Amino acid sequence: MGPIPLRWNGTCANGHDSSTFNCNKKIIGARSYGAGEIKSRTPRDMMGHGTHVAYTAAGVEVKDVSYYGLAAVTAKGGSPGSRLAIYQVFSSQNGSHGSTVLAAFDDAIADGVDVLSLSFGSSSFLEQEFINDPIALGAFPSVQNGITVVCSAGNDGPNPGSVVNSAPWILTVAASTIDRVFESDVVLGNNKVIKGTGINFANIQNSPVYPIIYAKSAKKSGVDENATRNCEPNSMDQEIIKGKIVVCDNEDSLYPQINKQDEVKKLGGIGVILIDDELRGVAFNFGTFPMTLISSKDGAKVLSYINSTKNPVATILPTTAPANYKPAPTIAYFSSGGPSTIPKNILKPDIAAPGVNILAAWIGNDTVQTLKGKDPPLYNVFSGTSMACPHVSGIAAAVKSRNPTWSPSAIRSAIMTTAVQTNNMKAPITTEKGTAATPYDFGAGEVITTGPLQPGLVYETTAIDYLNFLCYHGYNIATIKIMANTIPDGFTCPEESSIDLISNINYPSIAISNFDEKAGRRVNRTLTNVAGNVKMEDAKTVYNISIDAPAGLDVQVVPDKLHFSKFDEKLSYQVNFSAANPLKKDVFGSITWSNGKYKVRNTFAISSKSGSVALDKK
């Protein structure tokens, strides 16, 4: 890479690690936080998570990488030409504190970063108001200083209302699947093949020669049957389990799948088939132990075979990684969803990105993930909104590189309004269970890589928009001054500050809660023409409106054409929502402006007083 930009003010605080770790032209900054003297700390990644997400955001192209031969590809990050600065606020021993998060934000602002990628957040059950949330607090002045802040939406799905990091100045990312699966199939004695998922390097025969048993049949005396069928510790008879493949349920069990694996293995079982409709979408790593996850529909087939056969047998095949899987993307079961409760009237998450079974770089000394007799893996497969977040961060960096003068809100708008809402079968995106996904699951849709570079139009959310949002949210001017880096002279909260007015800030999506069908609701939006900075003739254009609205909701846009005559011109429009009858449930749709070359979609979500979704987390 070329010389480090002169505007970079960061440092490489390598602490006691200076003999083996130094920054270079790719990693140009490194800081660590937490207890102890600075010289005793190290920003070196000790867990793998940081390496994985950093590579996803900005890793250079590397050919022929895989996880022990699985998913062999040429890999690269979202913005391979970007440089990295690492702010290590977590440690395996001490976790993290709000003070260290805020310190890292302060340092990143002073150092001169362009994009901040945060693959962490609080649990949805511990979500705090913005004034008490270190991520929201740190992100606000970052955005005011021109830094795009991208955060994970959380892993508390599929509960509704579980999305976190939902401040409007943050770009919040949900997780989706990709068109590659890690398949570990079950072969039954009747030669039926049951598709399963998981990563295992099983060293058993491919022929179905191993006795197979439903865990419930091995119940210990005096043990609850529910515990046994879920393969919980101390619930199964060793003499019955020994030498068999065991079918386990995973329903209403407090024990994770690794405990079930360990228990069967301890009792001398040969392998585990776990029945779980949600978890089977993620390829858990079972090492060399034969284990796979199957659907409840396929589980019924396996149990039917066991119950109808005198001496049932089976085997579990080692993992393969077929590509071009359909349908993809789907929304991951664990991905936290909307509607947002802090705040209301902002549609969160903003966007979905690949976050399931993601192959990316890994630390080179991890013995936990190392197969017996093998060298530690340099690439590994992981899932989570942690993995989805840096996909978007990399795209944001690429957009910033292409358009260096754009604000964080313009970059966010470019990413959101060019997203797609269909899968590789040209059908609407679904959840992993096959039900229709909604903007509460994916926000504006699935991110794409090229569209955001040239969106045509953008929604710019101004500093005044954010300050007004805080007023509408219920904060007084004294609290706002604590949160904001700078406030324009003379700024005061509008006299009529209402939570309903949040819907009116210039955001690239529209959310309306407590919709009153009789009164209707009117919102305004302003678009900025970002085409024509190279070819002036591209700036003179007419955009026409198309509306996708659900039955029972009337949506009118005024005007229905936008005539742009120059680059950077701003034009506004009004959207009127009304309904003749009460809405029975939350409804969704979109408003799309197109000039034949560019399409800019603004997704909306309407929550009726009578039909809003119940939030069990509250």
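Residues numbered from 1 in each chain as written. Predicted model: local features only at pLDDT ≥ 70, side-chain atom pairs only at ≥ 80, totals over all residues. Heavy atoms only, no water.

Novice: Residue-level account of the state of the cysteines, with values.
Specialist: For the coordinates displayed, the defined rule picks out three disulfides. The partner cysteine of Cys471 in its disulfide is Cys493, sulfur to sulfur 2.0 Å. Across the S-S bond of Cys471 and Cys493 the torsion is about -80°, and the bridge reads as left-handed. Of this pair, Cys471 sits in helix α11 (residues 463-473) while Cys493 sits in the loop between α12 (477-483) and β21 (509-515), and the two are 22 residues apart along the sequence. Owing to a relative accessible area of 4%, Cys471 belongs among the buried residues under this scheme. (Disulfide = S-S within 2.5 Å. Helix = DSSP H or I, 4+ residues; strand = E, 2+ residues; numbered from the N terminus. Buried < 20%, exposed > 50% of the residue type's maximum accessible area, 1.4 Å probe, protein only.)

Novice: Summarise the pairing of strand β26 (residues 570-578); cite the residues concerned and give the values.
Specialist: As paired elements, strand β22 (residues 521-529) and β26 share eight bridges and run antiparallel to each other. Bridge assignment links Arg522 to a residue of β26, and that residue is Asn576. (Pairing = 2+ DSSP bridges.)

Novice: Give me the lowdown on the domain arrangement of the chain, citing residues and values where you can.
Specialist: Annotation of the chain at the domain level lists domain 1 (12-178 + 325-447), domain 2 (186-316) and domain 3 (454-461 + 506-617). Placing a centre on the C-alpha atoms of domain 1 and another on those of domain 3 gives a separation of 28 Å. Between domain 1 and domain 3, the residue contacts involve 36 residues of the former and 28 residues of the latter. Put simply, domain 1 and domain 3 have zero salt bridges between them. Across the domain 1-domain 3 interface, the total number found is ten residue pairs in polar contact (both at pLDDT 80 or more). Put simply, the parts of the chain that give the side of domain 1 that touches domain 3 at least two residues each are α9 (408-417) and α10 (439-442). If one sorts the elements of the side of domain 1 that touches domain 3 by residue count, α9 sits on top with seven residues. The residue inventory of the side of domain 1 that touches domain 3, partitioned by class, reads 16 nonpolar, 14 polar and six charged. (Domains from an automatic or database assignment. Contact = heavy atoms within 4.5 Å. Salt bridge = Lys/Arg side-chain N within 4 Å of Asp/Glu carboxyl O. Polar contact = N/O pair within 3.5 Å; in protein donor to acceptor, adjacent residues only side chain to side chain. Nonpolar A, V, L, I, M, F, W, Y, C, P; charged D, E, K, R; others polar.)

Novice: Can you tell me about α9, naming the residues and giving the values?
Specialist: The buried count for α9 comes to ten of ten residues, which makes it a mostly enclosed element. Buried within α9 are the following residues: Pro408, Ser409, Ala410, Ile411, Arg412, Ser413, Ala414, Ile415, Met416 and Thr417.

Novice: Before we move on, can you summarise the packing of helix α2 (residues 98-111) against helix α3 (residues 134-144) with the specific residues and values?
Specialist: Between two packed helices, the angle of one axis relative to the other and the distance separating the axes together describe the packing. In the contact formed by α2 and α3, the axes pass within 9 Å of each other and the chain directions differ by 10°. The angle between α2 and α3 places the two elements in the roughly parallel class. Here Gly98, Val101, Leu102, Phe105 and Ile109 of α2 lie close against α3, whose contacting residues are Pro134, Ile135, Leu137, Gly138, Ala139, Pro141 and Ser142. In terms of residue class, the contact of α2 with α3 is built from nine nonpolar, three polar and no charged. (Axes fitted to C-alpha atoms, helices over the stretch in contact; angles between N-to-C directions. Parallel < 35°, antiparallel > 145°, perpendicular 65-115°, else oblique.)

Novice: Please give an account of the sheet that holds strand β28 (residues 599-608) that cites residues and values.
Specialist: Within a sheet, neighbouring strands are paired by backbone hydrogen bonds and run either parallel or antiparallel to one another. Spatially, β21-β28-β27-β23-β25 is the arrangement adopted by the five strands of the open sheet, whose pairing is mixed. Since the sheet does not close on itself, it has two edges, and those belong to β21 and β25 (561-564), each with one partner. Shown here is a sheet whose adjacent strand axes are inclined to one another by a mean of 20°, direction ignored. As paired elements, strand β27 (residues 587-594) and β28 share eight bridges and run antiparallel to each other. Looking at the pairing, Gly589 lines up with Phe604 of β28.

Novice: Could you give an account of the pattern of salt bridges, with specific residues and numbers?
Specialist: Taken as a whole, this structure holds twelve salt bridges when the rule is applied. Between Glu183 and Lys195 there is a salt bridge, and its shortest N-O distance comes to 3.2 Å. In this pair, Glu183 sits in the loop between β7 (171-176) and β8 (186-188) while Lys195 sits in the loop between β9 (193-194) and β10 (210-214), placing the two residues twelve residues apart along the sequence. Residue class for Lys195 comes out exposed when judged on its relative accessible area of 54%. Residues joined in a network through salt bridges with shared partners are Arg31, Asp107 and Asp111.

Novice: Give me the lowdown on the sheet that holds β22, citing residues and values where you can.
Specialist: Pairing in this open sheet of four strands is antiparallel, and the strands run β20-β22-β26-β24 from one edge to the other. The strands lining the two open edges of the sheet, one partner per strand, are β20 (457-458) and β24 (554-558). Where β20 meets β22, two bridges bridge the pair, whose relative direction is antiparallel. Bridged to Leu457 within β22 is Asn529.

Novice: Would you mind going over the packing of aromatic side chains in detail, with residue names and values included?
Specialist: Aromatic ring pairs are described here by two measures, namely the spacing of the ring centres and the angle between the planes. Inspection of every chain in the model, using the stated rule, returns 17 aromatic pairs. For the ring pair Tyr55 and Tyr379, a centre distance of 5.5 Å and an interplane angle of 85° mean the geometry is edge-to-face. Linking Tyr55 in helix α1 (residues 49-58) with Tyr379 in strand β18 (residues 379-382), this pair joins segments that are 324 residues apart in sequence. Relative to Phe334, the ring of Tyr333 has its centre 5.4 Å away and its plane inclined at 85°; by these criteria the two rings are edge-to-face. The exposure class assigned to Tyr333 is buried, which follows from its relative accessible area of 17%. Among the aromatic residues, ring-to-ring pairing joins Phe130, Phe140, Trp169, Tyr466 and Phe469 into one connected group. (Phe/Tyr/Trp six-rings, centres within 6.5 Å; stacked < 30°, edge-to-face > 60°.)

Novice: Any chance you could break down the environment of Tyr68 for me, citing the residues and the numbers?
Specialist: Tracing the backbone through its elements, the reader meets Tyr68 in the loop between β2 (62-67) and β3 (70-75). Overall, Tyr68 belongs to the partly exposed group, its relative accessible area being 22%. For Tyr68, the contacting residues outside a window of four places in its chain are Phe201, Gln369, Thr370, Leu371, Lys374, Asp375, Pro376 and Pro377. Polar contacts involving the side chain of Tyr68 include one to the main-chain amide nitrogen of Leu371, which spans 3.3 Å.

Novice: Kindly report on the environment of Ala332, identifying the contributing residues and their values.
Specialist: Inspection of the secondary structure assignment puts Ala332 in the loop between β15 (330-331) and β16 (351-354). Classification of Ala332 by relative accessible area gives buried; the value is 3%. Counting along the chain gives 323 residues from Ala332 to Asn9, while the straight-line C-alpha distance between them is 39 Å. When residues no more than four places from it in sequence are discounted, the contact partners of Ala332 are Ala175, Ser176, Val356 and Glu432.

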